[in-house]
Amino acid sequence: MSLITVFGSINVDLVAGVDMIARPGETVLATGYATLCGGKGANQAVAAARVSPKGRVAMIGRVGRDGFGQLCLDNLAANGVIVDGVTSGAEPTGCAFISVSADGENAITVASGANGCLAADAMPAAEFSATTTLVLQMEVPFAASLLVAQRVRAAGGRVIWNIAPVPERLSEAELRALLAATSVLVVNEHEACAAARRLGWTGDDFESATAFLAATGRVTCIVTAGALGARAFHPDGTCHTAAAERILPIDTTGAGDTFVGILAAGLDEGRGWPDVLARACRGASLACLAHGAQRGMPTAEALA
Ligand code: RIB
């Protein structure tokens, strides 16, 4: 049986609602705040689990031995994610400080905490397999993610890497190694340009940056572009496009994570690209209709 394994970050999100996001040097008063579960890895695992049969999504991550860590574990389990691969340590659970403005935009600062201590050996040997769909982001140590990706690829599995956020320190050699270990790369407009420039691209539009990444890395590279939807550039030069739903967003936090989780589930189920992209775009749009990263993530029924 196939398994979607998410190797990545787990955070508690401290979310403040504001009229306007504070600029540097400015203080703003929030209308209120909430303590919610998040982290790009955990969000992607929950998004995949909500649309998958029971027992098909596993999380490999790390939390602190604190109340926030227990909250995150309970939340993953309640969403049907297998948490046997989540370790805990003396470090604090990762925490994200999020401001969400009245028009649904956000600004996020992440304190990595325990995520920074996640090691490759947390991944069970059985998951280095041809039936594994591995999902990665950039909020846990890069060296550990790369090692896990290389071993899943060597075993014949699928690797979906969402390079969010693109770290300033990621070298050209590291990015080339990442691409070599990846089957499907997912970026937003900014990440597409930042990553392509790291490899010598000098253009100025995100679609040509994405096409460049697909050709250079010989991977399928998908760019998500908010209200414009998403486009997949394949290494043979072909493309697939899906439109976003027309919505009035309440909170865009986690929309990209919802896209990645539903994409992983669709590929794991063997769906074709048009269907996979359309479902992921629809799911990401629906996720923007509720506060918090995970609350609006749809079930399979809501996507049908
Ligand atoms: O992508 C949204 C996520 O980014 C939030 O849940 C926050 O935890 C940060 O990791």
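For the structure, check the block above.
Heads up: these notes are all about the structure in this document. Along each chain, residues carry numbers from 1 onward, in the same order as the chain's sequence is written. Local features in this predicted model are restricted to residues whose pLDDT is 70 or higher, and side-chain atom pairs enter the listing and the counts only when it is 80 or higher, whereas totals over whole chains, interfaces and linings include all residues. Side-chain descriptors were evaluated using all non-hydrogen atoms of the structure, hydrogens and water having been removed beforehand.

1. Some points on the layout of surface pockets
- In this analysis the probe radius is 1.4 Å and the grid spacing 1 Å, with only protein atoms considered; a cavity is a set of points the probe fits into but cannot get out of, a pocket is an open set with protein on both sides within 12 Å along at least five of seven lines, and lining residues have an atom within 4 Å of a point. Grid points are joined across faces, edges and corners, and a volume is the space filled by probe spheres set on the points. Roughly 190 Å³ of internal volume is contained in the second largest pocket.
- Around the second largest pocket, the lining comprises 17 residues; the ones closest to its centre are Val15, Gly17, Val18, Val100 and His291.
- Strands are runs of DSSP state E lasting at least 2 residues, helices are runs of H or I lasting at least 4, and numbering of each runs from the N terminus. Counting residues per element, the ones that place at least two in the lining of the second largest pocket are strand S2 (11-17) and strand S3 (32-38).
- It is S3 that contributes the most residues to the lining of the second largest pocket, four residues altogether.
- Under the scheme applied here, ten amino acids are nonpolar (Ala, Val, Leu, Ile, Met, Phe, Trp, Tyr, Cys and Pro), four are charged (Asp, Glu, Lys and Arg), and all others, including Gly, are polar. Here the lining of the second largest pocket is composed, by residue class, of eight nonpolar, six polar and three charged.

2. What to know about the packing of helix H1 (residues 40-50) against helix H7 (residues 255-268)
- Comment: axis = line fitted to C-alpha atoms, over the contacting stretch for helices; angle = value between 0 and 180 degrees taken between N-to-C directions. At a minimum axis separation of 7 Å, H1 and H7 run at an interaxial angle of 50°. With respect to each other, H1 and H7 are oriented oblique. Note on packing geometry: the crossing formed by H1 with H7 is right-handed. Along its contact with H1, which presents Lys40, Asn43, Gln44, Ala47 and Ala48, the element H7 presents Asp257, Thr258, Val260, Gly261, Ile262 and Ala265.
- Of the residues assigned to the contact of H1 with H7, the class counts are five nonpolar, four polar and two charged. Angle categories: roughly parallel below 35 degrees, roughly antiparallel above 145, roughly perpendicular from 65 to 115, and oblique for all the rest. Handedness of a crossing is defined here by the sense of rotation of the near helix relative to the far one, left-handed for an anticlockwise turn of less than a right angle and right-handed for a clockwise turn. Two residues qualify as a contact provided that any one of their heavy atoms is within 4.5 Å of a heavy atom in the partner residue.

3. Notes on the site of the ligand
- The criterion for a residue being near a molecule or strand is simple. One of its heavy atoms has to lie within 4 Å of it. Taken together, Asn11, Asp13, Gly38, Gly39, Lys40, Asn43, Ala96, Val110, Glu139, Gly254, Asp257 and Ala293 make up all the residues around the ligand.
- Here an oxygen atom of the ligand and a side-chain polar atom of Glu139 are 2.8 Å apart.
- What sets the accessible areas is the Shrake-Rupley method with a 1.4 Å probe; for residues, cover comes only from the shown protein chains. When the free accessible area of the ligand is taken as 280 Å², the share hidden by the protein chains comes to 96%.
- Counting residues per element, the ones that place at least two in the shell around the ligand are S2 and H1. Polar contacts, as used here, are pairs of N or O atoms within 3.5 Å; protein pairs need one atom able to donate a hydrogen and one able to accept it. Residues neighboring in sequence count only if both atoms are side-chain atoms.

4. Let's talk about helix H5 (residues 189-198)
- Each residue gets one of three labels from its accessible area relative to the maximum for its type: buried under 20%, exposed over 50%, partly exposed in between, using a 1.4 Å probe on protein chains only. Every buried residue belonging to H5 is among Glu191, Ala192, Cys193, Ala195 and Ala196, and all of these are buried.
- Residues of H5 that are buried in the fold lie against strand S9 (158-162), helix H4 (172-180), strand S10 (184-188), helix H6 (206-217) and strand S11 (220-224).
- At the exit of H5 stands Gly200, carrying a positive phi of roughly 100°.

5. Here we look at the nonpolar core
- As used in this record, nonpolar core signifies buried Ala, Val, Leu, Ile, Met, Phe, Trp, Tyr and Cys residues forming a set joined through side-chain atoms within 4.5 Å. Among the nonpolar cores identified, the biggest contains 43 residues, and Phe7, Met123, Leu134, Trp161, Ile163, Leu178 and Leu185 are the most heavily contacted of them.
- Secondary structure elements with two or more residues in this core: strand S8 (132-136), helix H3 (142-154), S9, H4, S10, H5, H6 and S11.
- Among the elements that make up this core, the one with the highest residue count is H3 (six residues).
- Sequence-distant contacts of Leu178, that is, excluding residues within four places in its chain, are made with Met138, Phe142, Leu146, Trp161, Ile163 and Leu185.

Function-wise, these values are silent; they only describe arrangement.
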